[in-house]
Amino acid sequence: MSPVGSMSLAAEGLAADEQLVRAALEAAVTTPPTDVPVGALVIAPDGSELSRACNTREATGDPTAHAEVLALRAAAARHGDGWQLSGCTLVVTVEPCTMCAGAAVLARVERIVFGAWEPRTGAVGSLWDVVRDRRLTHRPRVRGGVLEAECAELLQGFFRGHRAGAGANLRELAKTTVTTRRPGASVESVRSSAGDGPEPLEVRDERDRQGEEQG
């Protein structure tokens, strides 16, 4: 394929992922007022929406009730392949934590698409890179930083409100940081484990492949 054709396909793919993240943002705004606004979807291999969910950890008193986990559970119930979500895409407004990244790997999702980076708790390239560990038998493809400014603004607006009101979530505010990608960095990338900025997926894929061949 010519470079122009590859760029065209990449642009089309990004546009489609932006639509998915916009839908996840719609889910995020339905988050109960006591919870950090995060939205997630699971998309079937045919492009249809299997599920959507928002964060309800505080509202339900359930430490596992992150948007991603709730969306994965609902999608598995509909997908018809037991617990496996092969070929599906998990879409979320903020980089998944270790629990949610691990759940995505265990569910065998094909791709993870997310909005804002989370450098303090993110496990899809920021603080950890759970989904790209070469020791795993399944490693989803990742596109991060999609509509990151819009996703970050939703979170920052929530925390600004809690600052002003001295709400009960101030302890969480002190622990939470969202960032936007540095200028010029590729959208289809994941942060390196060393924290030295985004690394293109194709570079990491090639390094992984070479490592597997040598091993």
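What counts as what
- Residues numbered from 1 in each chain as written.
- Predicted model: local features only at pLDDT ≥ 70, side-chain atom pairs only at ≥ 80, totals over all residues.
- Heavy atoms only, no water.
- Phe/Tyr/Trp six-rings, centres within 6.5 Å; stacked < 30°, edge-to-face > 60°.
- Buried < 20%, exposed > 50% of the residue type's maximum accessible area, 1.4 Å probe, protein only.
- Helix = DSSP H or I, 4+ residues; strand = E, 2+ residues; numbered from the N terminus.
- Pairing = 2+ DSSP bridges.
- Right-handed = clockwise from strand over helix to strand, strands pointing away.
- Axes fitted to C-alpha atoms, helices over the stretch in contact; angles between N-to-C directions.
- Contact = heavy atoms within 4.5 Å.
- Salt bridge = Lys/Arg side-chain N within 4 Å of Asp/Glu carboxyl O.

Asks: Summarise the packing of aromatic side chains; cite the residues concerned and give the values.
Replies: If you walk through the whole model with that rule in mind, you get two aromatic pairs. Measuring from ring centre to ring centre gives 4.9 Å for F114 and W117, while their planes differ by 90°; the resulting arrangement is edge-to-face. For F114, a relative accessible area of 0% corresponds to the buried category. Centre to centre, the rings of F158 and F159 are 5.1 Å apart; their planes meet at 75°, and the pair counts as edge-to-face. Neither residue differs from the other here; F158 and F159 are each classed as buried.

Asks: Any chance you could break down the pairing of strand β3 (residues 89-94) for me, citing the residues and the numbers?
Replies: Counting buried positions along β3 yields six of six residues, so the element is predominantly enclosed. One ladder, built from four bridges, connects strand β1 (residues 39-43) with β3; its direction is antiparallel. For I43, the partnering residue across the bridge sits in β3 and is T89. Here five bridges tie β3 to strand β4 (residues 111-116), and the two strands are oriented parallel to one another. By the bridge assignment, V94 is partnered in β4 with A116. Following the backbone out of β3, through helix α4 (residues 98-106) and into the adjacent parallel β4, one traces a crossover that is right-handed.

Asks: Before we move on, can you summarise the sheet that holds β1 with the specific residues and values?
Replies: Across the sheet, which stays open at both edges, the five strands sit in the order β2-β1-β3-β4-β5 with mixed pairing between neighbours. On the outer flanks of this sheet lie β2 (49-54) and β5 (141-143), each paired with one strand and no other. If you compare each strand with its neighbour and ignore which way they point, the axes differ by 15° on average. Strands in contact with helix α3 (residues 67-79) are β1, β2 and β3; relative to β2, the strand with the most contacts, it is inclined by about 155°.

Asks: Break down the pattern of salt bridges for me, with residues and values.
Replies: Per the counting criterion, the structure on display carries eight salt bridges. Of the charged contacts, one joins D133 and R135 as a salt bridge, the two residues approaching to 2.6 Å between their closest N and O atoms. The exposure class assigned to D133 is partly exposed, which follows from its relative accessible area of 24%. Look at R135 and you get exposed, because its relative accessible area is 72%. The salt bridge partner of E153 is R160, with a shortest N-O separation of 2.5 Å. Take R160: its relative accessible area is 42%, and that puts it in the partly exposed class. Taken together, the shared-partner salt bridges in this structure form one network comprising D17, R111 and R143.

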